[in-house]
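# Structure assessment
Okay, here's what each chain looks like letter by letter:
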Amino acid sequence: MPSQTYLVIGASRGIGYGLVEQLSGDSSNKVIATVRKPFDFGKSNIETLVLDQSSTSSVQAAASKLSTPVDTLILNAAIGLDEALLSTTEDRLHEYMNTNILGVQRVVNAFLPALRKGTAKKIVIITSYSGSNTAQRGAEFGFRGPYAVTKAANNMQAVQLHNELRGEGFVVAPVHPGWVATDMGSLAINDRVPEGVKPMPVEDSAAGLIKVIDGLTTEDSGKFWGFDGSSMAW
Ligand SMILES: NC(=O)c1ccc[n+]([C@@H]2O[C@H](COP(=O)([O-])OP(=O)(O)OC[C@H]3O[C@@H](n4cnc5c(N)ncnc54)[C@H](OP(=O)(O)O)[C@@H]3O)[C@@H](O)[C@H]2O)c1
């Protein structure tokens, strides 16, 4: 593949960090990694931008510092816990919506000019099995409640963005990263998890995600994918 520029949102730790590590392992790639607190990845093909997706001014300031086209935007940042919708306060629900839903939209809006100048024109939202209506009906474990609501909304954001951008040759897709041993993923370990089931290492999820993301074509746009290339139920 010719040299590609990837923009990974939320790269300080977890899956985002793993994606940046592996993408930058190909020295022909340029990786722009966003973090909330200044962070040095120590590699010449990684540029960092400070960005908090819960703040419009922060997202716009980060976008204004970017001078290069972007081929692939990976919207990875999110907050999440296993909480019940009925016991979620309005403030907490607002925090979820602002970070996970509005945050994604802010980033897409701010970086769309750079994506339009890129060649791949890919927008990938890291959503979740928690955002699958089919999987969530009667779900016994995993993050349910408000987190699941925001991830289902992210799935629909991807479909609507697909509809609005496909005429320009964009590929937009939501991708589930699997259950991954990150700070967030580790919070889902509890006594309701079936015996023998455990989260996978970040490296495995990141490798699968990159293979899926790099392989996405316009035919795959607007569909929900798993990190292993499987088709996910909405
Ligand atoms: N782990 C899993 O099993 C799993 C399963 C399904 C889906 N996912 C999804 O995969 C993605 C990554 O999850 P993870 O497990 O790597 O989570 P994580 O370990 O909690 O890391 C979350 C990342 O998002 C960043 N972030 C949080 N709020 C942000 C904000 N307002 N603005 C910018 N960045 C922000 C964090 O930055 P700071 O370090 O500054 O907090 C961190 O880099 C999320 O979208 C999550 O919903 C994860």
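Note: the structure precedes this text.
These numbers come from a predicted model, not from an experiment.

## Quick notes on the pairing of strand β5 (residues 122-126)
- Within β5, five of the five residues are buried, leaving the element largely enclosed by the surrounding structure.
- A two-sided burial pattern is seen for β5, the buried positions comprising Lys122, Val124 and Ile126 on one face and Ile123 and Ile125 on the other.
- Of the pairings in the sheet, the one linking strand β4 (residues 72-75) to β5 comprises four bridges and is parallel in character. Among the inter-strand pairings, threonine 72 is bridged to a residue of β5, identified as lysine 122.
- In this fold, β4 hands off to helix α3 (residues 90-117), which returns the chain to β5; that crossover is right-handed.
- Sheet topology places β5 next to strand β6 (residues 171-176); five bridges connect them, and they run parallel.

## Remarks on the sheet that holds strand β7 (residues 225-226)
- Overall, parallel pairing links the seven strands, which are arranged β3-β2-β1-β4-β5-β6-β7 in an open sheet. Each edge of the open sheet carries a strand with a single partner, namely β3 (46-50) and β7.
- The strands that helix α7 (residues 202-215) touches are β1 (5-9), β4, β5, β6 and β7; relative to β5, the one it contacts most, it runs at about 145°.

## Topic: the pairing of β1
- Burial within β1 is extensive, with five of its five residues counted as buried.
- Residues Thr5, Leu7 and Ile9 of β1 are buried on one face, and the alternating residues Tyr6 and Val8, pointing to the opposite face, are buried as well.
- Pairing between β1 and strand β2 (residues 30-35): four bridges, direction parallel. Within the sheet, the bridge partner assigned to threonine 5 lies in β2 and is lysine 30.
- Of the crossover connections in this fold, the one passing from β1 over helix α1 (residues 14-24) to the parallel β2 is right-handed.
- For β1 and β4, the ladder comprises four bridges, and the chain directions are parallel. Its bridge partner lying in β4, tyrosine 6 is registered against threonine 72.

Conventions used here
Residues numbered from 1 in each chain as written. Predicted model: local features only at pLDDT ≥ 70, side-chain atom pairs only at ≥ 80, totals over all residues. Heavy atoms only, no water. Buried < 20%, exposed > 50% of the residue type's maximum accessible area, 1.4 Å probe, protein only. Helix = DSSP H or I, 4+ residues; strand = E, 2+ residues; numbered from the N terminus. Pairing = 2+ DSSP bridges. Right-handed = clockwise from strand over helix to strand, strands pointing away. Contact = heavy atoms within 4.5 Å. Axes fitted to C-alpha atoms, helices over the stretch in contact; angles between N-to-C directions.

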